[in-house]
Amino acid sequence: MAAEEHHSPLDQFAINRIVDIDLGGLDASFTNSAVMMTVSVVLITVLMVFGMRRRAMVPGRWQSVAEMSYELVAKMLGETIGPKGRRFFPIIFSLFMFLLFGNLLGLIPYSFTFTSHLAITFVLAALVITAVIVIGLIKHKHRFFKLFLPSGVPIFLAPLLVPIEVVSFLARPISLSVRLFANMMAGHTMMHVFAGFVFSLGFLGFAPFLFIVALYGLEFIIAVLQAYVFAILTCLYLADAIHLEH
Amino acid sequence: MVHAPSRGPGGLGSGVRGVSMAKDERPSPLKDLETRLRKAREGDHPGDHDRSFATGLGQAMSLVIEMAAGLAAGVLLGWLLDSWLGTEPWLLVVFIFAGMGAGLLNAYRRAQRFGAGAEPNKPPQEGDGPSEDT
């Protein structure tokens, strides 16, 4: 139990510098988080480039994976944004695959889950919401602000509804990033806590061990689900900016 | 293995493997593939219980996060506006209430989507689409 001190369940989220890089006073070091991001980008590229190399009529295993992920995102875009959504495919697909690989690679023991850091998920969410605002303003000019006043609402309710709608819009990047970060962090922390029980309970440790096996399966589903949720919510927010007339 | 595809409905695993391995010229009977796939999908999946539990957990959690995020956004906006305009506590008070309202509104909108499509691998807002978020 004394060893618990240097084995806090939160130790696994520690950022370690690997190569120190200093950009004019800015700490841009290459960390373990950056390593995992690089690995996931490389793996996605390898999967896509080599999986589709053969372009067989009857796809092999890797080609199936590549095609399935393509079709998932394409379907998601088609159902949320419609035909206009095709041009957002590259960004949504990159986002989805990046988060999916980040979540899944984090499940490998001794690796690092970069999606368990709010800094990462919030930057992505801020990127999404900035894109939504910019696209909305370009497409609809000042009419974009009608988003904050639903049509058919009597004008005397506007002072009440506009602040609520503005805040609910600003809450989107927060909930988008916190959802992913909290899911990842909670799952990994829970696994670590129960892993500690396995050793401290001695013989009875098989019970938490079985629980970890079940939890691991659950985490696997959550990893995929959360990447999907992030991507589909991004699609929905983009759809809002594009189809303002609703 | 070559005659596996002609085995009709039933063993999906062997059927699929047979299709990808069939090297002969004769077109494999893909016509009933759709029905076989549907049949296989209707069967029980080992991960079903886990998945519905994960979905329920995820839905409950996302409602909580939605409400908390609304409040957080309200506090943040009120505080920033206050320090910008110099109206110290007042806008914060107003936007805390707006944040609560926004959190509830967002949670309500998300909960509506859960009802539309309970399955996690279907987009949750089929039918009523993006309209409800404007």
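Structural data are supplied above this passage.
No experiment lies behind these values; they were computed from the predicted model shown.

Draft legend 1. A look at the overall build of chain A. The secondary structure content of chain A amounts to six helices and four strands. Counting helices and strands in the order they occur from the N terminus, chain A gives β-β-β-β-α-α-α-α-α-α. Seen through its C-alpha atoms, chain A measures out along the principal axes to roughly 70 × 55 × 45 Å. The proportion of buried residues among the 246 residues of chain A is 33%.

Draft legend 2. Quick peek at the overall build of chain B. In terms of helices and strands, chain B carries four helices and zero strands. Secondary structure elements of chain B, listed N to C terminal, follow the sequence α-α-α-α. Sorting the 134 residues of chain B into buried and exposed places 23% on the buried side. Put simply, of all contacts in chain B between residues at least 6 apart along the chain, 44% involve residues at least 24 apart.

Draft legend 3. Region of interest: the nonpolar core. Counting 54 residues, the largest nonpolar core has Ile92, Phe96, Val167, Ala231, Cys235 and Leu238 of chain A as its most contacted members. For this core, the secondary structure elements donating two or more residues are helix H2 (61–80), helix H3 (89–105), helix H4 (118–140), helix H5 (158–200) and helix H6 (206–242) of chain A together with helix H3 (48–85) and helix H4 (88–116) of chain B. The element that contributes the greatest number of residues to this core is H6 of chain A, accounting for 15 residues. Setting aside residues up to four positions removed in sequence, Leu238 of chain A forms contacts with Ile81, Phe88, Val132 and Ile135 of chain A.

Draft legend 4. Spatial organisation of the packing of H4 of chain A against H6 of chain A. All names here are of chain A. Relative to each other, H4 and H6 sit at 20°, their axes nearing to 8 Å. Between H4 and H6, the interaxial angle falls into the category roughly parallel. The handedness of the crossing between H4 and H6 comes out as right-handed. Listed contacts from H6 to Val128, Ile129, Val132, Ile135, Gly136 and Lys139 of H4 are Thr234, Tyr237, Leu238, Ala241 and Ile242. Residues belonging to the contact of H4 with H6 are distributed by class as follows: eight nonpolar, two polar and one charged.

Reading guide: rules and limits
Residues numbered from 1 in each chain as written. Chains lettered and ligands numbered in written order. Predicted model: local features only at pLDDT ≥ 70, side-chain atom pairs only at ≥ 80, totals over all residues. Helix = DSSP H or I, 4+ residues; strand = E, 2+ residues; numbered from the N terminus. Buried ≥ 20, exposed ≤ 12 C-beta atoms within 10 Å, placed from the backbone. Contact = placed C-beta atoms within 7 Å. Core = buried A, V, L, I, M, F, W, Y, C linked by C-beta atoms within 7 Å. Axes fitted to C-alpha atoms, helices over the stretch in contact; angles between N-to-C directions. Parallel < 35°, antiparallel > 145°, perpendicular 65-115°, else oblique. Left-handed = near helix turned anticlockwise from the far one by under 90°. Nonpolar A, V, L, I, M, F, W, Y, C, P; charged D, E, K, R; others polar.

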